[in-house]
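So you can see what is in the structure, the chains are spelled out below.
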Amino acid sequence: MTELLEVVKADDDRLSPLERETLSHLAGQIGDATARITALEKRILVWHRSSEAWGLMPEGAESYAKA
C-alpha cells in the first residue's frame, strides 16, 4: 500500500491523470476502511473487557484477548 501511495503522489509521468485520480480515490477508500476497522476493533476489545463473559472464557483466553 505504501508503494502505491508513493507512485500516486509522485509528480511524474508513470500514471496518466485518470489513473492517478482513480488510484488516489481507491487509496483513500482503503485508508478510510482501515481507520474504521481499527476503531471497531478497539470498541470490541473495550466491550469484551467490560463484559460479564470474561468469567466464561476458556483458560488462557484472557491473556490472548488482552494482547
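What you see is a predicted model; the values in this text were computed from it and never measured. (Residues numbered from 1 in each chain as written. Predicted model: local features only at pLDDT ≥ 70, side-chain atom pairs only at ≥ 80, totals over all residues. Heavy atoms only, no water.)

A.B. asks: How should the confidence of the model for the protein chain be read in this particular structure?
C.D. replies: One rule of thumb: low pLDDT means the predicted coordinates there are not for detailed reading. Put simply, the protein chain has an average pLDDT of 82, and 76% of its residues get 70 or more. Model confidence for the protein chain, summarised as mean pLDDT per element, is weakest for helix H3 (residues 61-65) at 58 and strongest for helix H2 (residues 17-50) at 92. (pLDDT = per-residue confidence, 0-100. Helix = DSSP H or I, 4+ residues; strand = E, 2+ residues; numbered from the N terminus.)

A.B. asks: Explain the side chain of Arg 20 to me, please; I cannot follow it from the model alone.
C.D. replies: Mapped onto the secondary structure, Arg 20 falls in helix H2. Look past the residues within four positions of Arg 20 in its chain and what remains in contact with it is Val 7, Val 8, Lys 9, Ala 10, Asp 12 and Leu 15. (Contact = heavy atoms within 4.5 Å.)

A.B. asks: Explain the packing of helix H1 (residues 2-9) against H2 to me, please; I cannot follow it from the model alone.
C.D. replies: In helix packing, the relevant descriptors are the interaxial angle and the interaxial distance, both defined with respect to the helix axes. Two elements in contact, H1 and H2, have axes separated by 9 Å at closest approach and are oriented at 140°. With respect to each other, H1 and H2 are oriented oblique. Taken as a pair, H1 and H2 cross one another with a handedness that is left-handed. Touching Leu 4, Leu 5, Val 7, Val 8 and Lys 9 of H1 are Arg 20, Leu 23, Ser 24 and Ala 27, all from H2. Of the residues assigned to the contact of H1 with H2, the class counts are six nonpolar, one polar and two charged. (Axes fitted to C-alpha atoms, helices over the stretch in contact; angles between N-to-C directions. Parallel < 35°, antiparallel > 145°, perpendicular 65-115°, else oblique. Left-handed = near helix turned anticlockwise from the far one by under 90°. Nonpolar A, V, L, I, M, F, W, Y, C, P; charged D, E, K, R; others polar.)

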